[in-house]
Amino acid sequence: MHPTAASKPEATTVLITIGIDVSKDHLDAARHPGGDTVRVANTRKGQTALLRWIGDIKAVARVVFEPTGPYHRTLEERLASVALPMIKVNPRQARRFAEATGRLAKTDRVDALMLARYGALLEPIARPVRSEMQNRLAELVAARRSLMRDRTATLNRLKTLTIDLLKRHARHRQRQIEAQVTSLDTAIEALVTEDPHLSRRRDVLASIPGLGLVTAHALLADMPELGTMEEAQAASLAGLAPITRQSGTWRGRSFIQGGRATLRQALYMPAIVAMRFNPDLKRVYDRLIAKGKHAKIAITAIMRKLVVLANALLRKDRLWTSKPA
């Protein structure tokens with residue numbers, strides 16, 4: 001008995017992954033499977049040509065590229081406008097993947113092929129694209145962070161200077177930095193207040209004892225995914241999820257690694273404040289110390305709790321309230 005046409009299994013559509021190596025002047029793209037490549041200019045016209053080369057958008061599972069500061073931003077906006085799922089890959093992870101597969105050569109075309117293969121095999125999760133407002137906020141917060149590093153360096157230099165002229169220069173630079181920080185704080189506050197969505201998220205974050213406005217703004221800029229993830233994902237993205245080390249009967253010490261270093265830097269001082277003045281987190285800290293944990297481990301746990309708490313409150317869109325004792 002011959003099977004009817006209706007009983008024949010339908011052909012499975014193979015979704016493709018596009019890898020793009022982004023540079024100032026060019027975009028090198030590769031398709032997986034297939035291995036086809038193309039180079040276009042990193043301009044509006046070139047991006048249009050790239051979309052024509054990609055073809056049927058519904059057949060694309062993901063587009064993978066490494067963040068390259070201002071050079072990838074217009075590409076990201078163009079891909080988002082046609083609803084292509086995008087994944088920004090940490091360059092270090094991408095390079096380690098290339099080395100693990102034996103690809104030691106490094107050219108733009110090879111990098112594009114490697115990124116396509118990386119996306120197809122590992123299937124990383126696509127994150128929401130930052131809005132133009134979020135990009136502006138991230139730029140302002142990054143500038144403030146840079147100024148704070150300059151301020152620390154200037155204050156340290158003042159302690160060792162012996163020549164009056166150099167001391168005057170350092171004090172003048174210190175006053176400049178303070179004025180610029182104040183100006184940036186005003187600009188950041190105005191930008192967040194202008195957007196009702198960002199303003200509400202800022203208010204939710206700032207309601208957590210220990211998180212001030214500066215930290216709330218840093219979280220909004222550096223972790224816009226907050227409120228859209230599971231608890232473990234939020235901790236991992238911040239690099240605060242403990243990594244287990246064990247082999248057979250051997251058990252090593254867990255540690256944290258990877259993630260977004262700027263987030264951990266922004267959360268350290270709030271964790272110090274929270275372990276004193278946030279009653280919920282103070283109980284967590286005291287319990288860990290009572291178990292004999294090192295203070296740094298306990299503080300890291302508080303940082304992780306802050307990220308998880310911020311994620312949960314933003315997901316529920318509610319302000320922090322103290323738990324009953």
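Note that the structure is a prediction, hence the values are computed from the model and not measured. (Residues numbered from 1 in each chain as written. Predicted model: local features only at pLDDT ≥ 70, side-chain atom pairs only at ≥ 80, totals over all residues. Heavy atoms only, no water.)

**Student:** Teacher, can you tell me more about unusual backbone geometry here?
**Tutor:** Most peptide bonds adopt trans geometry, and most residues besides glycine take a negative phi value. Cis rather than trans, the peptide bond between His-32 and Pro-33 has omega equal to 0 degrees. Looking at where Pro-33 falls in the secondary structure, it is placed in the loop between β2 (26-32) and β3 (37-41). Even without glycine at this site, Glu-123 takes up a positive phi of about 50 degrees. Residue Asp-317 is not a glycine yet carries a positive backbone phi of 55 degrees. Relative to the assigned elements, Asp-317 resides in the segment after α12 (295-316). (Helix = DSSP H or I, 4+ residues; strand = E, 2+ residues; numbered from the N terminus.)

**Student:** Explain the side chain of Thr-17 here, please?
**Tutor:** Inspection of the secondary structure assignment puts Thr-17 in strand β1 (residues 16-22). Among the polar contacts made by the side chain of Thr-17, one reaches the side chain of Arg-62 at a distance of 2.8 Å. Excluding its chain neighbours within four sequence positions, the residues that come into contact with Thr-17 are Ala-30, Arg-31, His-32, Arg-62, Val-64, Ala-116, Gly-119 and Ala-120. (Polar contact = N/O pair within 3.5 Å; in protein donor to acceptor, adjacent residues only side chain to side chain. Contact = heavy atoms within 4.5 Å.)

**Student:** Help me out: how do you make sense of the packing of helix α5 (residues 132-158) against helix α8 (residues 213-222) in this one?
**Tutor:** Packed helices, taken two at a time, are described by the angle their axes make and the gap between the axes. At their nearest, the axes of α5 and α8 sit 9 Å apart, and the two run at 125 degrees to each other. With respect to each other, α5 and α8 are oriented oblique. Between α5 and α8 lies a crossing of left-handed hand. Facing Leu-137, Ala-138, Val-141, Arg-144 and Arg-145 of α5, the residues of α8 in contact are Val-214, His-217, Ala-218, Leu-220, Ala-221 and Asp-222. Residues that form the contact of α5 with α8 fall into these classes: seven nonpolar, one polar and three charged. (Axes fitted to C-alpha atoms, helices over the stretch in contact; angles between N-to-C directions. Parallel < 35°, antiparallel > 145°, perpendicular 65-115°, else oblique. Left-handed = near helix turned anticlockwise from the far one by under 90°. Nonpolar A, V, L, I, M, F, W, Y, C, P; charged D, E, K, R; others polar.)

**Student:** Teacher, can you tell me more about the sheet that holds β3 here?
**Tutor:** Sheet architecture is open: five strands sit in the order β3-β2-β1-β4-β5, paired in mixed fashion. Taken across any chain shown, the strands that pair with only one partner, and hence form the sheet edges, are β3 and β5 (86-88). Neighbour-to-neighbour, the strand axes of the sheet open up by a mean angle of 25 degrees, direction not taken into account. In this structure, strand β4 (residues 60-65) lies alongside β5, joined through three bridges in parallel fashion. Paired with Val-63 across the strands is Met-86, a residue of β5. Helix-sheet contacts for helix α1 (residues 44-54) involve β1, β2, β3 and β4, and the interaxial angle to β3 is about 160 degrees. (Pairing = 2+ DSSP bridges.)

**Student:** It is not clear to me how α12 should be interpreted in this structure. Could you clarify?
**Tutor:** With 22 residues, α12 should reach 32 Å at 1.5 Å per residue; the first-to-last C-alpha distance of 31 Å fits that figure. Trailing α12 by a residue or two, Asp-317 shows a phi angle of about 55 degrees, which is positive. (Expected span 1.5 Å × (residues − 1).)

Don't take any of this as a statement about function, it's just geometry.
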